[in-house]
Every structure is written in structure tokens, then in C-alpha cells.
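# Fold and geometry: a report
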Amino acid sequence: MIKILVLNSGSSSLKFQLFDMQGAESNHFNLLASGLVERIGETNSSASLKFTSSKAHDTVDKLAQKKQLVRESPVADHQQAIETMAAMLKESGCMVSMEELTGIGHRVVHGGEHFHDPVVIDEQVLITIKKLIPLAPLHNPANLTGIRLTQQKAPGIPQVAVFDTSFHQSMPEQAYIYGLPYALYKKQHVRRYGFHGTSHQYVSKQAADYLGKSISELKLITIHLGNGTSAAAIQYGHSIDTSMGMTPLEGLIMGTRCGDIDPAIPFYLARETGMTIQELDDLLNKESGLKGICGQNDMRTIVEQAEQGDNRAELAITIFCYHIKKYIGAYIATLNGADAIIFTGGIGENSSLIRERACQDLQNLGINIDSQKNSLHSKEIMEIQGPTSQVKILVIPTNEELEIAIQTIKLI
Ligand code: ADP
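Now for a description of the structure that goes with this document.

Reading the values: rules and limits
- Residues numbered from 1 in each chain as written.
- Predicted model: local features only at pLDDT ≥ 70, side-chain atom pairs only at ≥ 80, totals over all residues.
- Heavy atoms only, no water.
- Salt bridge = Lys/Arg side-chain N within 4 Å of Asp/Glu carboxyl O.
- Helix = DSSP H or I, 4+ residues; strand = E, 2+ residues; numbered from the N terminus.
- Buried < 20%, exposed > 50% of the residue type's maximum accessible area, 1.4 Å probe, protein only.
- Pairing = 2+ DSSP bridges.
- Contact = heavy atoms within 4.5 Å.
- Axes fitted to C-alpha atoms, helices over the stretch in contact; angles between N-to-C directions.
- Near = heavy atom within 4 Å.
- Polar contact = N/O pair within 3.5 Å; in protein donor to acceptor, adjacent residues only side chain to side chain.
- Areas by Shrake-Rupley, 256 points an atom, 1.4 Å probe, with all protein chains shown as cover.

## Focus on the pattern of salt bridges
Evaluation of the coordinates by the stated rule reveals 14 salt bridges. Residues K286 and D282 are paired through a salt bridge, measuring 3.5 Å at the closest nitrogen-oxygen approach. One end of the pair, K286, and the other, D282, are both in helix α9 (residues 277-286), four residues apart, so they sit about a helical turn from each other. For K286, a relative accessible area of 48% corresponds to the partly exposed category. Of the residues examined, D282 reaches a relative accessible area of 26% and is grouped as partly exposed. R357 is the salt-bridge partner of E314, the closest N and O atoms lying 3.0 Å from each other. Residue E314 is found in helix α12 (residues 311-335), and its partner R357 is found in helix α14 (residues 352-358); the two are separated by 43 residues along the sequence. Judged by relative accessible area, which is 31%, E314 ranks as partly exposed.

## Details of the sheet that holds strand β3 (residues 29-38)
If you trace the eight strands from one edge of the open sheet to the other, you get β5-β4-β3-β2-β1-β6-β8-β7, paired in mixed fashion. The two strands at the open ends of the sheet, each matched to only one other strand, are β5 (67-71) and β7 (119-120). Examined bridge by bridge, strand β2 (residues 14-21) and β3 share eight bridges and lie antiparallel to one another. In the sheet register, Q17 faces β3, and the bridge partner there is S34. Across the sheet, helix α2 (residues 78-92) is in contact with β1 (2-9), β2, β3, β4 (46-51) and β5; its angle to β5 comes to roughly 145 degrees.

## Things to note about the site of the ligand
In the region of the ligand, the neighbouring residues are G226, N227, G228, N297, D298, M299, R300, G345, G346, I347, N350 and S351. At a separation of 2.8 Å, an oxygen atom of the ligand approaches a polar side-chain atom of N227. Within the side chain of D298, one N or O atom sits 2.5 Å away from an oxygen atom of the ligand. Contact with the protein chains hides 69% of the accessible area of the ligand, taken as 580 Å² for the molecule alone.

## Some details on the sheet that holds strand β11 (residues 238-242)
One open sheet accounts for six strands, arranged β11-β10-β9-β12-β14-β13; its pairing is mixed. Every other strand in the sheet has two partners, leaving β11 and β13 (382-383) as the edge strands with one partner each. The pairing of strand β9 (residues 219-225) with strand β10 (residues 229-235) spans seven bridges and is antiparallel. Along β10, the bridge assignment pairs L225 with T229. The strands touched by helix α7 (residues 197-211) within the sheet are β9, β10, β11, β12 (340-344), β13 and β14 (392-395), with β9 carrying the most contacts at an inclination of about 130 degrees.

Nothing here speaks to function; it is all geometry.
Here it is as C-alpha cells:
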């Protein structure tokens, strides 16, 4: 059995999934366990693990109906979180010791310009990830801690870093250089990097498989709508533009992040209100987007409130969809036409309303949705364009952890 553990270490959380991989293909896997340690360092930490021992082709949702372990005791730090993870995996019977693992894959948020592809982790890789901390001050330190601790716990097991940014390293200069003094790019590394790369890459490969075409002949627009949202223009398997920028703040409107705004707004607010840099940072990252417009950042709640007649919730949905539509238009131009638009992420996979409104009145671009097909719910890939649409519209469940497992197995 080829066992791959995938870790996503956040500043106060640890997500992990254990896969039994039968090969480096997206349909050759068995998800053995999926867990989360939350609120690390706080008194109300909790850890949960959903697991199965069946050999069936599985998904997290199927796991949800299966067995679950929960622990509600304080987890002081990441060291203890890794211990908790190992203990729960042992208790579930899915993994007796970390020595059984074939490899460990880590999600690392920022790979800067250094990493165009996933890499096997060695000391030099760790030094580079550390050097990139200024570009991702919240994420890269947590990712590094996760790597160091698993290296100690499982010495000798090969570990791989998969970067959120690396898939977008194929962007041409015209997409990643900002209209700023060029020296800022050279000296301070100010440029568009893009994020959610693992998801954009995964769903674009899934789309090619589904359409029965080679990825090298397809022009795709992938739209990831979760708490964070981003769109990407993917030409023949390579990202040529994406909406998130130097940080994940730019682009589409998100749950709490503002997306594209006039860059002069923070200066205006600082002058008029005396807000500090930290306050402005918090405003744009944590108090803006859907939450800023209607007070809620969870799309399910917003849709419910709009249905009950809440005008601000309705406005938030309208703006959210309008921004997606503008990016579809932009990327149709960037790609000179697209074969398919792909919706993914919690909102993209589950909200027919958002998909319908984001694709409204685009028939002159050869895009229209079939309302009846769009209203269906499925965990499988759905094709929802109307009969006269020249562009396919697909709903594809993303699976970033599986993509990390696939990349890990490929490298080791
Ligand atoms: P993350 O980016 O944290 O991984 P997800 O991809 O799970 O998050 O997306 C979370 C978002 O998906 C939330 O805004 C949630 O309300 C939304 N969502 C999930 N199911 C639905 C649904 N049926 N209708 C509308 N929004 C939904």
C-alpha cells in the first residue's frame, strides 16, 4: 500500500488527510482518513478525524457517514497537534506509525519565483521557504513549522512541498508585472503571484479528462469560489493570468476580503480617519468583501437572507456575481475564446444561483447556462451549459489535498 499523508498547517490549525494511492492518477486513490486540529494554542482546542477502513473509492462526504473520533482537550502548540494527529490515526487503525508512510505532502502557500513546481524538501528548500516569509507572513511560518515537526517525527520519510503559487509561475510578464517602478519588482519582488494554484490545476486536468481531450489543446477559465475566490485563464495547461495578486487580497470579491479596489482608498482613509496600517490591513482583509457589504461572509446565510428580502444581502450577491462576470469577459479576451468555464470551491460547486447570475447576459460571448441542468446537485462533474452555448460550463468538485498527494507520489 502506498500511503501518502497530506498536511495543511495554518497558524492555529492543522488539516490532514491520509490517502492510499494506487497510482499518480486522480481516480486511483482511497481516502483513508481526514482530520482537523483547531484552535491550537487556545484552551478550547478540538481535534476530529473521519476515517474508513474500506477499500472503496471514497470521498470526504462518504467519510462523513463513516466513523469519527473527536477530542476536546487543549492542544498547546503545533508539536502537540502533530502528536494528536498521529495518536488519532493510530487509534483509528488507519496508520499505526508514521514510519508506514511512503511520503508526506505539505501545502506551502508562497513559493515566490523560486518554485515553479512541487519539490522534494531538503535543507535548501526550507531556507528558501523561510526567505519568502515576508511575502506570506501568516502562512509560510506555519507551513515551515509543520514540515520541521513532521521531519522530526518521521525522519527518513520523503517530504514534498506543493506551493499555492507555483502553477501560476507560467504567467507571462504582461500578466504579472504591475504598473509600478520596475525596480520594485527586481528589489522587493513586487509582482502578481496568484494563489489557489493547486485547485486551478486540479480542476483543469479534471475538465480535460471529462471532455476527453488533451489539456494541451484546451483554453479554460477556472473560477474557484470558496471563502477566498479567484479566477484563472489556463491556456493549453498553463496559467497565463489569475485574479489574485502579490497577495490573496486582489481580484474577485471574497467572504471578508475586498478584491479589486482603487489603490488610493487606503491613503484617503488614512488621511481622513487616521487609521493605522494595521487597521487598514484588517479592514481590507477581514471586514470587507461580502461581510463588508451585508454583514455576513457565509454565502449560504447571505442567500437565505436575500430570499427573506434583505436588500444588502441581495446587493452583496449582485456585486459578487458581477465581478465574476467581468473576469469571465476579461479572460475570454486574454485567451481569445475559451472552450470551457469551470466552477469550483464551496460556492462554485453548490450554488446554482451564483453560477446562473455570474453567467447571465453573456450570450453574445457564446455563453449561456441551462437553468434546469444548473439546478441539479451532484458530487460528480456536471455539464450545465445550454444547447446553444459555444462554451462548455462545468461544475467540478476541487480536491487540493488529492492533488498534493498526486504531486507527492509523482516526485518520490
Ligand atoms: P474554503 O475556501 O475555506 O475552503 P469552501 O470552499 O468550503 O471554503 O467554501 C465555503 C463557502 O461555500 C461558504 O461561503 C459557504 O457558505 C459556501 N457554500 C457551501 N455550500 C453552499 C450552498 N449550497 N450555497 C451557497 N453557498 C454555499
